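The residues making up each chain are set out below.
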Amino acid sequence: MNILFIMYDQLRFDYLSCAGHPHLQTPNFDLVAARGMRFTNTYVQSPVCGPSRMSFYTGRYSSSHGAQWNGFPLRVGEVTLGDHLRDNGMACWLLGKTHMKADAKGMARLGLAPDSVIGARQADCGFDAWTRDDGLWGSGPDGSYDQKRSPYNEYLKSQGYDGDNPWADYANAGVDENGDMASGWMFQNADKPANIREQDSETPWLTSETIRFIEQAEGDWCAHVSFIKPHWPYIVPAPYHNLYGQQDILPPVRHEAELDNPHPVLGAYQETRVAEAFQQDEVRNKVIPAYMGLIKQCDDQLGRLLDYLEDTGRMDDTMIVLTSDHGDYLGDHWLGEKDFFHEAAVKIPLIVYDPRAVADATRGTTCDALVEAIDLSATFIEAAGGTVPGHIVEGRSLMPWLHGQTPDDWREVVISEYDFSVTPRCAALGLDARDARIFMVFDGRWKLIHFEGGFRPMLFDLEIDPNEFTDLGADPAHADQIDRLYGHLTHWGLRMAQRVTMSDADIAAARGRSLRRGIMPFLVDGSEVPPELTEKYRGRARQLFTDEPVAEELSHDV
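The sections below set out a description of the structure shown in this document. Please read all numbers here as calculations on a predicted model, not as lab measurements.

1. What about the overall build of the protein chain?
A count of helical and extended segments in the protein chain gives 21 helices and 19 strands. Among the 558 residues that make up the protein chain, the fraction classed as buried is 55%. If you take every contact in the protein chain between residues at least 6 apart in sequence, the share linking residues at least 24 apart comes to 70%. In the form shown here, the protein chain has an accessible surface area of approximately 24700 Å², with 50% of it arising from carbon and sulfur atoms. Here the protein chain carries 50 positive and 85 negative side-chain charges, and the mean point of each set is 4 Å from the other.

So, in structure tokens, the structure goes:
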């Protein structure tokens with residue numbers, strides 16, 4: 001079986017018709033859900049691109065792998081999905097985005113050449129790169145945001161788009177009434193069509209690359225197809241730019257009470273530039289229809305890919321996974337972007353289609369178990385025929401759920417973390433970099449958000465307050481729930497996370513190994529151990545080099 005691991009960037013869990021969106025129709029996402037299982041309570045391990053993706057790719061919490069913000073390198077030697085799958089005979093390829101920065105210093109220290117096979121895999125988060133394009137090709141007075149080459153820009157140039165950066169000039173810009181460039185960086189331009197032929201825009205381009213990859217693929221493979229959209233810049237080519245209007249925009253999930261003496265950290269995020277922009281109706285009225293158009297284009301291109309798989313017979317031997325690296329606030333809770341722990345940001349869509357007959361009983365069903373993004377690594381290892389190395393991978397395989405089984409010991413809570421030390425909020429709150437950390441613990445009803453740096457926690461009861469409007473963290477009446485969830489956080493914090501070079505089986509096999517290899521300290525007379533262990537230390541002395549008196553028989557023999 002092959003694995004088609006598709007990730008959409010910044011796709012909200014509730015912006016699919018199969019998840020209940022009343023206006024946005026996504027028939028191809030729905031088709032995969034009808035043939036597979038949709039997991040309705042899936043949470044990322046960090047609500048920001050880089051650390052979330054590194055958790056997907058390592059199967060480990062962000063504090064375990066250490067790449068806790070965008071641009072923080074994933075340390076050299078971290079075991080990744082590609083390593084696990086190759087150990088089980090499955091190739092692992094990247095198409096699109098990773099948002100991973102290589103540990104160049106670590107590679108240099110170990111003498112790993114970037115152009116070697118091992119060096120390239122280290123630089124591409126363990127994948128073999130078919131076409132890596134991280135999708136943000138901004139440029140400014142200090143140079144370019146991304147120093148790597150852009151296969152997508154190269155493609156655009158080959159199609160006749162001029163300039164050094166057609167990604168910015170055409171794919172993510174419209175044209176205003178004066179004929180000037182209307183950059184997608186400005187929200188005011190989100191209602192304009194991108195100045196590009198639709199078939200040349202980012203999502204169709206990567207879909208074509210995926211088909212081209214599958215056409216030549218041999219053996220068992222996992223292809224991580226990672227689309228940059230519907231991530232900002234919020235601009236989409238015709239005809240998708242005006243498929244939706246203000247009548248299709250859902251009211252923001254926010255309440256005036258959230259602005260009344262908010263928690264200091266939440267208050268700091270409500271004052272960011274993106275939050276203040278999305279607090280304006282005119283911004284939401286332009287951006288959200290474009291965001292919906294981007295998702296509709298993603299769905300159409302998914303349909304194109306599904307048609308190809310059907311036509312070539314690959315639907316019968318390819319597991320399909322549809323998910324996202326985090327959500328998008330879009331003005332909910334007076335916020336924009338992600339970076340916090342309301343459902344809009346930390347909860348993601350997850351749909352899994354397993355083509356094998358063993359999954360027939362669960363087709364078209366949903367699963368409301370608490371799932372973490374790190375579970376996909378474990379699932380893929382098992383799908384490849386391997387055994388999940390529990391001393392490395394911290395997630396749990398979803399195969400039991402997919403195959404109609406209910407594990408007895410499934411998790412009670414999900415955990416997510418956020419290190420915001422590099423952001424302006426750290427300085428604004430007067431925090432030391434080591435204290436700019438947030439942790440979320442959620443048990444399906446109660447959500448605790450813990451802040452380092454001396455702040456009180458936040459607490460939400462999603463059973464009676466599903467919109468997360470009322471922060472109960474300062475209410476003494478809920479101290480028992482806070483204590484209980486802190487107990488879960490403490491248990492999680494005490495987990496065995498760094499003993500990655502020795503499995504439990506290795507440790508069990510090592511018990512007594514030294515004894516059986518002749519290291520036997522602390523014996524009184526040797527009777528404490530089986531005779532076979534002391535056999536090499538018993539018997540007559542073969543030569544005598546001591547002045548100590550010995551038995552007459554021994555002296556005579558010598």
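2. Here we look at the pattern of salt bridges
Applying the stated criterion across every chain, the model contains 39 salt bridges. Asp9 serves as the salt-bridge partner of Arg53, at 3.3 Å between the closest nitrogen and oxygen. Residue Arg53 is located in helix H2 (residues 49–58), and its partner Asp9 is located in the loop between strand E1 (2–8) and helix H1 (27–35); the two are separated by 44 residues in the primary sequence. Each member of the pair, Arg53 as well as Asp9, carries the same accessibility label: buried. Among the salt bridges present, the one from Asp471 reaches Arg456, with a minimum N-O distance of 2.7 Å. With a gap of 15 residues between them, Asp471 in the loop between strand E19 (458–461) and helix H17 (479–493) and Arg456 in the loop between strand E18 (446–451) and E19 connect regions that are remote in the sequence.

3. Structural notes on the packing of helix H9 (residues 202–216) against helix H12 (residues 281–312)
For the pair H9 and H12, interaxial distance at closest approach is 10 Å and the crossing angle is 15°. Between H9 and H12, the crossing angle belongs to the class labelled roughly parallel. Relative to H12, the crossing made by H9 is right-handed. Along its contact with H9, which presents Thr203, Pro204, Thr207, Ser208, Thr210, Ile211, Ile214 and Glu215, the element H12 presents Gln297, Cys298, Gln301, Arg304, Leu305, Tyr308 and Leu309. Partitioning the contact of H9 with H12 into residue classes produces seven nonpolar, six polar and two charged.

4. Topic: H2
When you tally the buried positions in H2, you get 10 out of 10 residues, the bulk of the element. At the exit of H2 stands Gly59, carrying a positive phi of roughly 70°.

5. Here's the deal with the environment of Thr470
Along the polypeptide, Thr470 turns up in the loop between E19 and H17. Along the primary structure Thr470 and Pro251 are separated by 219 residues, whereas in three dimensions their C-alpha atoms are 18 Å apart. Once residues lying within four places of it in the same chain are set aside, the contact partners of Thr470 are Leu459, Phe460 and Asp465.

6. A look at unusual backbone geometry
In this model, Lys229 is joined to Pro230 through a cis peptide bond whose omega is 15°. Mapped onto the elements of the fold, Pro230 is located in the loop between strand E10 (221–227) and helix H10 (264–270). Following Trp232, the chain continues into Pro233 via a peptide bond in cis, with omega recorded as 0°. In this fold, Pro233 is placed in the loop between E10 and H10. In this structure, Phe522 takes a positive phi of about 75° despite not being glycine. Its location among the elements puts Phe522 in the loop between helix H19 (513–516) and helix H20 (531–534). Here Phe522 falls in the exposed class, since its relative accessible area comes to 79%.

7. Focus on the sheet that holds strand E4 (residues 91–96)
If you walk across this open sheet you meet the eight strands as E5-E4-E10-E1-E11-E13-E2-E14, and the pairing is mixed. For this open sheet the edge positions go to strand E5 (128–132) and strand E14 (365–367), each flanked by a neighbour on one side alone. Neighbouring strand axes in the sheet, compared pairwise and without regard to direction, differ in orientation by 15° on average. Pairing of strand E11 (residues 318–324) with strand E13 (residues 350–353) involves four bridges; the strand directions are antiparallel. Bridging across to E13, Thr323 finds its partner in Leu350. Sheet contacts for H12: E1 and E11; angle to E1, the most-contacted strand, approximately 170°.

8. Concerning the environment of Leu370
For Leu370, the location among the structural elements is in the loop between E14 and strand E15 (371–372). Along the primary structure Leu370 and Arg304 are separated by 66 residues, whereas in three dimensions their C-alpha atoms are 32 Å apart. In this structure, Leu370 is in contact with Asn41, Tyr43, Trp410, Arg411, Glu412, Val413, Val414, Phe442, Asp443 and Gly444, ignoring residues within four places of it in sequence.

What counts, and at which threshold
Residues numbered from 1 in each chain as written. Predicted model: local features only at pLDDT ≥ 70, side-chain atom pairs only at ≥ 80, totals over all residues. Heavy atoms only, no water. Helix = DSSP H or I, 4+ residues; strand = E, 2+ residues; numbered from the N terminus. Buried < 20%, exposed > 50% of the residue type's maximum accessible area, 1.4 Å probe, protein only. Contact = heavy atoms within 4.5 Å. Areas by Shrake-Rupley, 256 points an atom, 1.4 Å probe, with all protein chains shown as cover. Lys, Arg positive; Asp, Glu negative; His and termini not counted. Charge placed at Lys NZ, Arg CZ, Asp CG, Glu CD. Salt bridge = Lys/Arg side-chain N within 4 Å of Asp/Glu carboxyl O. Axes fitted to C-alpha atoms, helices over the stretch in contact; angles between N-to-C directions. Parallel < 35°, antiparallel > 145°, perpendicular 65-115°, else oblique. Left-handed = near helix turned anticlockwise from the far one by under 90°. Nonpolar A, V, L, I, M, F, W, Y, C, P; charged D, E, K, R; others polar. Pairing = 2+ DSSP bridges.

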